[in-house]
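# Structural overview for review
The residues making up each chain are set out below.
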Amino acid sequence: MSLTPLMKNPPQFNPQAVDGPLDTLGNFTSDGPIEGGWINVVSVFDFAAPLDFRLGRAQSFVMQANTSISSAYILNMLEGLPYVITVHQDSVGGHVLSYPSNWFGMPAVSPGPLSTTKFMIVQDEDGNVYNMGAVTN
Amino acid sequence: MASPGVTLTATLQDTSGDDDFGAWIRITLCNYGAALPRVIGTSMLVKIKQRLALAEGILSIPLWGNYQINPTGTYYDIALLDEKQNVVQSGLYQFMNPGTYDLSNLGPYSPGPPYIPPVGDAVLLFPPGQALQTVDGPLTVQGNVVVTGTVNGAPTLYVVPINSGTPVFDGSQGQGMSLTLSQNVTSSTAINFPNGVLIPVILKQNATGGYTMTWPTNWKSMPAVNLAPNGVTSFAVMLDETGAFYPVSSAVWSVHT
């Protein structure tokens, strides 16, 4: 863990920034919106990087071949929260996506070249993941 | 213009009943903390200390009442001094209401624990400079909060108890709802949901299956339930501004193992 300065700006400076993780033992209340990473675009899902939902609740990737997602490539999914997965076919299309064994009701990906399949998922208390239906643009 | 709300009077006599010409009185404001005390609603500073000779043994002086002073909780130390300004007697007094008070029959004030200036709700438990910081209490931010990581809060999934067939979906317990049917649900309710938030719903049959579900009356257009053993009906709803919940996706049926 790096010991970088916590407050980047002097006290009383507006705005203030926290340089590192921030844990609150009480409520965290903001009068303004809370912004975080929401869309993590993985240009090509090639197993070089996992689908990390800490980086965004929406994950998007392009298939260039038949692809199998294993649980090892799913990181930081919190139970009960809705996530969106968007799958694009490349210009060739026809690639098949298979899911982890504990993912239920998952859709078959649209095979057409450059086609898009977008759906919501949620994880239950047992770690199982369920499709909550298609998302339309 | 604010004016002192208290008048303090005193008449000092010697043992023969004559006015005491040599007496002094010293008035000191106490317990205002680290910052200089101000008159509430003004930029005026409160006089902290004054020492007065009693002409003909009679005193009449205006004072700021403690109710007029910021911070609250202040009181006065009032001391009688002899002609050489040695302290003869002193006492603590607090004036919480406007009026004229005579020192000869004034009851003393007994202060409680020392006044501690208020601090912000959030207290950093670790020294500045430590990368992982913990705040001991609520944290209120008056501007936007930008988080490059995730915001972790209360549990995100509420495993709803079946409650003898009358479950309660409680939005204060999590964003998503998971309910496993082990009997028919004859009625249900939903509480503590904010509107405009996507609420995942996972409705599961147990290994027996075949149980029916009665959704809360304000859940509209709800999907049919998968009755198969271990059958799952998963979808998302959202509360609108009228207090009604509507599905925002077509439900998906599946069977978990």
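Here goes a summary of the coordinates provided.

## Digging into the overall build of chain A
Of regular secondary structure, chain A possesses zero helices and 13 strands. Sequence-ordered secondary structure for chain A, helices as α and strands as β, is β-β-β-β-β-β-β-β-β-β-β-β-β. Buried residues in chain A amount to 36% of all 137 residues. In chain A, the proportion of contacts linking residues at least 24 apart, taken out of those at least 6 apart, comes to 47%.

## Examining the pairing of strand S2 (residues 24–30) of chain B
Residues and elements named next belong to chain B. Among the seven residues that make up S2, five are buried, leaving the element largely enclosed by the rest of the structure. One ladder, built from five bridges, connects S2 with strand S4 (residues 49–53); its direction is antiparallel. From the neighbouring strand, Ile27 faces S4, where its bridge partner is Gln50. With seven bridges joining them, S2 and strand S7 (residues 75–81) adopt antiparallel strand pairing. Looking at S7, one finds that Thr28 is bridged to Asp77.

## With respect to the sheet that holds S4 of chain B
All names here are of chain B. Pairing in this open sheet of four strands is antiparallel, and the strands run S4-S2-S7-S8 from one edge to the other. Edge strands, defined here as strands with exactly one partner in the open sheet, are S4 and strand S8 (87–93). Here the average twist between neighbouring strands, direction ignored, is 15 degrees.

## Quick notes on the pattern of salt bridges
Using the criterion set out here, one finds three salt bridges over all chains in the structure. A salt bridge links Lys204 of chain B to Asp124 of chain A; the shortest N-O distance between them is 2.8 Å. Note that Lys204 of chain B is positioned in strand S17 (residues 199–205) and Asp124 of chain A in the loop between strand S12 (116–123) and strand S13 (129–134), a pairing that runs across two chains. Each member of the pair, Lys204 of chain B together with Asp124 of chain A, is buried. Across the pair Glu125 of chain A and Lys204 of chain B runs a salt bridge whose closest N-O atoms are separated by 3.2 Å. Note that Glu125 of chain A is positioned in the loop between S12 and S13 and Lys204 of chain B in strand S17, a pairing that runs across two chains. Because the salt bridges share partners, they merge into one network encompassing Asp124, Glu125 and Asp126 of chain A together with Lys204 of chain B.

## Describing the sheet that holds strand S9 (residues 99–102) of chain B
Residue and element names in this part refer to chain B. What the three strands build is an open sheet, ordered S5-S1-S9; its pairing is mixed. The strands lining the two open edges of the sheet, one partner per strand, are strand S5 (58–63) and S9. Between one strand and the next, the sheet's axes are offset by a mean angle of 20 degrees, whatever the strand orientation. Sheet topology places strand S1 (residues 6–11) next to S5; six bridges connect them, and they run antiparallel. Pairing of Thr11 across the sheet is with Ile58, part of S5.

## Structural notes on the environment of Leu80 of chain B
Residue and element names in this part refer to chain B. Take Leu80: it is sitting in strand S7. Residues Leu80 and Arg51 lie 29 residues apart in sequence; the distance between their C-alpha atoms is 9.8 Å. The residues contacting Leu80, other than those within four sequence positions of it, are Leu12, Trp24, Ile25, Asn86, Val87, Val88, Gln89 and Leu103.

Definitions and cut-offs
Residues numbered from 1 in each chain as written. Chains lettered and ligands numbered in written order. Predicted model: local features only at pLDDT ≥ 70, side-chain atom pairs only at ≥ 80, totals over all residues. Heavy atoms only, no water. Helix = DSSP H or I, 4+ residues; strand = E, 2+ residues; numbered from the N terminus. Buried < 20%, exposed > 50% of the residue type's maximum accessible area, 1.4 Å probe, protein only. Contact = heavy atoms within 4.5 Å. Pairing = 2+ DSSP bridges. Axes fitted to C-alpha atoms, helices over the stretch in contact; angles between N-to-C directions. Salt bridge = Lys/Arg side-chain N within 4 Å of Asp/Glu carboxyl O.

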